[in-house]
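# Structural characterization, general
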Amino acid sequence: MNKYLKILIYIIGIFIAMQFITINKTVPQLEGSLDFMEIETPPEEIATLIKNACYDCHSYETKYPSYSNYAPISWIIGNHVQEGREYLNFSTWGEYQTEVKKDLLYNSYKQIGARQMPIYTYVMQHKEAKIQNAELEKFYTWFKQQSDKYNTK
Ligand code: HEC
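For the structure given in this document, a descriptive report is provided here.

Reading guide: rules and limits
Residues numbered from 1 in each chain as written. Predicted model: local features only at pLDDT ≥ 70, side-chain atom pairs only at ≥ 80, totals over all residues. Heavy atoms only, no water. Helix = DSSP H or I, 4+ residues; strand = E, 2+ residues; numbered from the N terminus. Expected span 1.5 Å × (residues − 1). Buried < 20%, exposed > 50% of the residue type's maximum accessible area, 1.4 Å probe, protein only. Arc of directions from axis to C-beta. Contact = heavy atoms within 4.5 Å. Donors = N, O, S within 2.8 Å, 3.2 Å for Na, K, Ca; no water. Tetrahedral: all angles 85-135°; square planar, octahedral: opposite > 155°, others 65-115°. Core = buried A, V, L, I, M, F, W, Y, C linked by side-chain atoms within 4.5 Å. Salt bridge = Lys/Arg side-chain N within 4 Å of Asp/Glu carboxyl O. Lys, Arg positive; Asp, Glu negative; His and termini not counted.

## Things to note about helix α8 (residues 133–149)
Relative to the 24 Å expected for 17 residues at 1.5 Å per residue, α8 spans 26 Å between its end C-alpha atoms, a close match to the ideal helical length. When α8 is considered as a whole, its buried residues turn out to be L136, F139, W142, F143, Q146 and S147. Taken down its axis, α8 places every buried residue within 140 degrees of arc, on the same side. Relative to its buried face, α8 has exposed residues pointing more than 90 degrees away, namely A134, E137 and K149. Tucked into the core, α8 has its buried residues touching α2 (36–40), α3 (44–53) and α6 (98–113).

See the structure below:
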């Protein structure tokens, strides 16, 4: 057999094998009263932005795109979601201590202001997650204000 054909078959084989390593998309039962939206009650405009731009990685309400079924893309997405939830999970917001809430809100303010969040590659795939220049300041300022509310000292 042609050497290159062999290599090609080998690569295809690996690719097929990769598809058997799937990511875990199951989540715990949602508890509405712990949700960020319930507790922080952002104005509708801000709430929509947060849902569109953050919830896929930072909550249990992830909407997976169809391409998330294929390795290795699925692994990258799975990783983002897992890591995102570890850092900040809006679905279990009510479980954070006051101090942590304050810091997470402040960090969100920083991250959004510096355009670090939402992650660039995600925004390329999700147009509704793009924060327009006109709304950027209003958006991150809201996080700062919310953070200040928890500033008890
Ligand atoms: C594509 C997935 C994804 C999206 C969308 C996303 N994040 Fe993240 N976020 C992550 C990951 C992964 C990390 C941890 C690693 C890092 O900092 O890059 C993170 C980290 C953070 C942190 C740092 C937490 C800390 O205190 O150290 C904050 C704050 C944050 N994100 C806020 C947001 C906000 C607010 C949005 C929406 C405007 C958002 N993120 C959208 C994946 C995402």
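## Considering the coordination of the iron atom of the ligand
The coordination sphere of the iron atom of the ligand, as far as protein atoms go, consists of H58 (NE2) and M117 (SD), spread over 2.0 to 2.3 Å. Every donor counted, the six donor atoms about the iron atom of the ligand form angles of 84 to 178 degrees at the centre, which fits octahedral coordination. Taken together, the residues H58 in helix α4 (residues 55–58) and M117 in the loop between α6 and α7 (120–125) connect sequence positions 59 residues apart. The class of H58 is buried, set by a relative accessible area of 14%.

## Comments concerning the nonpolar core
Formed by 25 residues in total, the largest nonpolar core has its most connected members in F36, I50, F90, W93, F139 and F143. Within the residue set of this core, elements represented by two or more residues are α2, α3, α6 and α8. Considering every element that reaches this core, the biggest residue donor is α3, with five residues.

## Here's the deal with the pattern of salt bridges
Under the criterion given, the structure shown has four salt bridges. A salt bridge links E45 to K138, with the nearest nitrogen and oxygen atoms 3.1 Å apart. With E45 in helix α3 and K138 in helix α8, the pair connects residues that are 93 residues apart, well separated along the chain. Given the relative accessible area of 44%, E45 is considered partly exposed. In this structure K138 comes out as partly exposed when scored by relative accessible area, which is 48%. Between D148 and K144 there is a salt bridge whose closest N-O contact spans 3.2 Å.

## A few points about the side chain of K101
Tracing the sequence through the fold places K101 in helix α6. For K101, which is buried and forms no salt bridge, the nearest opposite charge comes from E40, at a distance of 5.8 Å.

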